[in-house]
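# Structural overview
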Amino acid sequence: MEYLFRFREENVIKVLKEVNIVDVEASTLIEGQAIVIENGRIVDVTRSPVGGEAISFRGAFLCPGLVDAHVHLVWEGQPDPNSFSLRESVAMTAYRAARSAWRNLEGGVTTVRDVGGPHGISIALAEAIEQGISQGARVLAAGSPVVQTGGHVYSISEEADGPDEVRKAVRRQIKAGAHLIKLMCSGGAYTRGESIHATQLTPAEIRAAVEEAKAAERRVAAHALPEQAIQNALEAGVTTVEHAALLSKRNLDAFCTTGAFMVPTLAPYYLMATRGREMGVPDYAVVKSEQVMEHYPTSLQMAFAAGVRIALGTDAGSPGIPHPTVPFEAWLWQSLANIPAPAILRAATLGAAEAVGLEQEIGRIQQGYWADFVVYRSNPLEDITVLHHPEAIFQRGAQVAGGGTVWSKTLLG
Ligand SMILES: [Zn+2]
């Protein structure tokens with residue numbers, strides 16, 4: 001994957017002094033440290049740095065840059081994204097995606113995995129950001145999701161039926177430059193006329209897709225809400241199951257034996273269920289979201305208790321949730337499912353990095369890693385709501401933003 005990391009790099013040696021490092025693996029603080037950065041990477045973490053251009057953060061908390069394992073950059077929270085995508089010009093959608101990538105970065109999310117958008121926009125955006133043409137979070141992109149005819153969010157997807165067509169669709173996405181493959185293995189909330197309990201793509205079709213993706217060294221992300229769809233995806237060997245809202249004991253066992261990741265995304269369902277009607281979300285989507293939310297917090301608790309590998313995702317861009325959504329999603333995990341802050345923080349950094357295959361590059365503040373981090377005034381291991389107030393954001397060692405408040409702050413009870 002080294003093609004993802006061709007960059008303009010800064011040659012200045014920089015030293016960030018007097019910081020408390022948030023160790024997301026050990027859930028502890030390493031106090032009074034200095035970080036030495038060269039060419040965008042961390043070259044040393046020490047108590048007594050020598051030389052370099054020093055910046056002091058006097059007692060601030062330095063957290064690895066947040067990673068969102070599930071976004072849609074082409075959308076910005078419109079109440080009915082399907083009809084929106086069909087109406088807007090490709091060029092306009094591309095500008096919108098660039099703004100979404102910037103907004104993530106500005107909010108402390110330094111890496112996103114885009115799990116579906118049309119016209120190869122996010123694939124091109126990933127390259128544009130890498131080359132410095134556009135500024136934003138690092139992007140890994142799936143291109144168009146592969147769906148059965150009329151399947152979930154077909155408006156932005158490539159329709160394919162039968163294992164051979166699915167194979168061809170996967171090959172086309174890889175040809176287009178997709179970093180991973182996204183499959184829709186069940187119905188969802190905001191496509192009209194499909195049930196959240198409906199499985200989509202047959203086990204044979206999912207297996208064909210996974211086989212093709214693996215042959216090309218790509219991971220597979222599967223959208224699956226109901227029990228049977230989650231099971232189909234896990235048995236076929238996908239790397240991540242997106243949403244996984246209606247989990248069973250059988251699913252938990254399959255997660256644990258395969259080592260696949262669950263990517264929970266409570267935010268869109270919660271907001272559509274609680275505020276959908278006032279936002280103008282179609283009624284069918286509100287009703288389906290209410291059904292999802294009856295089970296979702298329990299599913300999340302069950303997954304944590306069973307030791308399932310978990311990566312935080314948000315579905316940012318979906319109805320009601322503009323970018324970035326990591327701070328809000330984190331707060332929902334705590335307030336609806338009682339997940340402790342350190343576990344949430346791990347899922348939003350190293351956990352998500354593992355799920356996307358970048359755990360040797362990002363997600364830790366450690367020698368050799370990219371100098372992507374967020375500075376906070378208080379300790380996020382104790383108070384997860386602090387994610388709403390990033391004081392400074394560093395990407396590859398350069399301070400790129402900071403000082404704002406994330407949009408969702410007003411929604412916190
Ligand atoms: Zn999604």
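Conventions we followed
Residues numbered from 1 in each chain as written. Predicted model: local features only at pLDDT ≥ 70, side-chain atom pairs only at ≥ 80, totals over all residues. Heavy atoms only, no water. Domains from an automatic or database assignment. Contact = heavy atoms within 4.5 Å. Buried area = accessible area lost by both parts, 1.4 Å probe. Salt bridge = Lys/Arg side-chain N within 4 Å of Asp/Glu carboxyl O. Polar contact = N/O pair within 3.5 Å; in protein donor to acceptor, adjacent residues only side chain to side chain. Helix = DSSP H or I, 4+ residues; strand = E, 2+ residues; numbered from the N terminus. Nonpolar A, V, L, I, M, F, W, Y, C, P; charged D, E, K, R; others polar. Buried < 20%, exposed > 50% of the residue type's maximum accessible area, 1.4 Å probe, protein only. Arc of directions from axis to C-beta. Donors = N, O, S within 2.8 Å, 3.2 Å for Na, K, Ca; no water. Axes fitted to C-alpha atoms, helices over the stretch in contact; angles between N-to-C directions. Left-handed = near helix turned anticlockwise from the far one by under 90°. Phe/Tyr/Trp six-rings, centres within 6.5 Å; stacked < 30°, edge-to-face > 60°. Lys NZ or Arg CZ within 6 Å of the ring centre and 35° of its normal. Pairing = 2+ DSSP bridges.

### Observations regarding the domain arrangement of the protein chain
- Entries for the protein chain in the domain assignment read domain 1 (2–64 + 364–411) and domain 2 (66–356).
- Of note, the centres of domain 1 and domain 2, computed from C-alpha atoms alone, are 27 Å apart.
- Contacts between domain 1 and domain 2 engage 34 residues on the former and 39 residues on the latter.
- Together, the buried faces of domain 1 and domain 2 total about 3000 Å²; carbon and sulfur atoms form 65% of this surface.
- The three residues of domain 1 that bury the most area against domain 2 are Ile384, Trp407 and Leu411, which together make up 22% of that side's buried surface.
- Scanning the region where domain 1 abuts domain 2 turns up one salt bridge.
- The closest approach of N and O atoms between Arg138 and Asp372, which form a salt bridge, is 3.0 Å.
- Counting the contacts that link domain 1 with domain 2 gives five residue pairs in polar contact (both at pLDDT 80 or more).
- Of all elements in the fold, only β4 (53–64), β15 (373–376), β16 (392–395) and β17 (398–401) reach the threshold of two or more residues within the side of domain 1 that touches domain 2.
- With three residues, the top contributor of residues to the side of domain 1 that touches domain 2 is β16.
- Among the residues forming the side of domain 1 that touches domain 2, the class breakdown is 23 nonpolar, five polar and six charged.

### Let's talk about the side chain of Thr110
- Turning to its location among the elements, Thr110 is positioned in strand β6 (residues 109–114).
- Judged by relative accessible area, which is 1%, Thr110 ranks as buried.
- Setting aside its immediate chain neighbours within four residues, Thr110 contacts Gly65, Leu66, Leu105, Ala137, Arg138, Asp372, Ile393, Phe394 and Gln395.

### A few points about the environment of Thr93
- Among the structural elements, Thr93 can be located in helix α2 (residues 90–106).
- As a C-alpha pair, Thr93 and His119 span 26 residues in sequence and 9.5 Å in three-dimensional space.
- Look past the residues within four positions of Thr93 in its chain and what remains in contact with it is Val74, Glu88 and Ile121.
- Separated by 2.9 Å, the side chains of Thr93 and Glu88 make a polar contact.

### With respect to helix α7 (residues 249–258)
- Of all the positions in α7, only Asn251, Leu252, Ala254 and Phe255 are classed as buried. End-on view of α7: buried residues confined to an arc of 165 degrees, all on one side of the axis. Every exposed residue of α7 that faces more than 90 degrees away from the buried side is listed here: Lys249 and Thr257.
- Buried residues along α7 sit against α6 (227–236), β12 (240–243), β13 (261–263) and α9 (283–306).

### Observations concerning the coordination of the zinc ion
- Surrounding the zinc ion are the protein donor atoms His70 (NE2), His72 (NE2) and Asp315 (OD), at 2.1 to 2.2 Å.
- Spacing between the donor residues of the zinc ion along their common chain follows H-x1-H-x242-D. Here His72, found in the loop between β5 (66–71) and α1 (81–87), pairs with Asp315, found in the loop between β14 (309–310) and α10 (326–337); they are 243 residues apart in sequence, far enough to count as distant.
- Taking the relative accessible area as the measure of exposure, His72 reaches 3% and is therefore buried.

### What about the packing of α10 against helix α11 (residues 341–356)?
- Look at α10 against α11: their axes get within 10 Å of each other, and the N-to-C directions meet at 145 degrees. Along this stretch, α10 crosses α11, giving a crossing that reads as right-handed. Residues Val326, Ala330, Trp333 and Gln334 of α10 form the contact with α11, whose own contacting residues are Ala341, Ile344, Ala347 and Ala348.
- Looking at side-chain class alone, the contact of α10 with α11 contains seven nonpolar, one polar and no charged residues.

### A look at the packing of aromatic side chains
- By the definition in use, this model includes eight aromatic pairs.
- Clustering of aromatic rings is evident, with ring pairs tying together Tyr270, Phe328, Trp331 and Trp407.
- The lysine or arginine in question, Arg41, covers the ring of Trp370, its NZ or CZ lying 3.9 Å from the ring centre.
- Just above the ring of Trp370 sits the side chain of Arg396; from NZ or CZ to the centre is 4.4 Å.

### Section: the sheet that holds β5
- Spatial strand order, β5-β6-β7: three strands in an open sheet with parallel pairing. The open sheet has two edge strands, β5 and β7 (138–141), and neither has a second partner. Across this sheet, the average inter-strand angle for adjacent strands is 15 degrees, counted without regard to direction.
- Examined bridge by bridge, β6 and β7 share four bridges and lie parallel to one another. Across the sheet, Thr111 pairs through a bridge with Arg138, a residue of β7.
- Across the sheet, helix α3 (residues 121–130) is in contact with β6 and β7; its angle to β7 comes to roughly 150 degrees.
- In this fold α11 packs onto β5, β6 and β7, with an angle of close to 50 degrees to the strand it touches most, β5.

### Side note on the pattern of salt bridges
- Summed over all chains, the structure comprises 19 salt bridges.
- The shortest N-O distance in the salt bridge between Arg167 and Glu212 comes to 2.9 Å. Taken together, the positions of Arg167 in helix α4 (residues 163–175) and Glu212 in helix α5 (residues 203–215) put the pair 45 residues apart, joining distant regions of the chain.
- Between Asp253 and Lys249 there is a salt bridge whose closest N-O contact spans 2.9 Å. Of this pair, Asp253 and Lys249 both sit in helix α7, separated by four residues, roughly a single helical turn.

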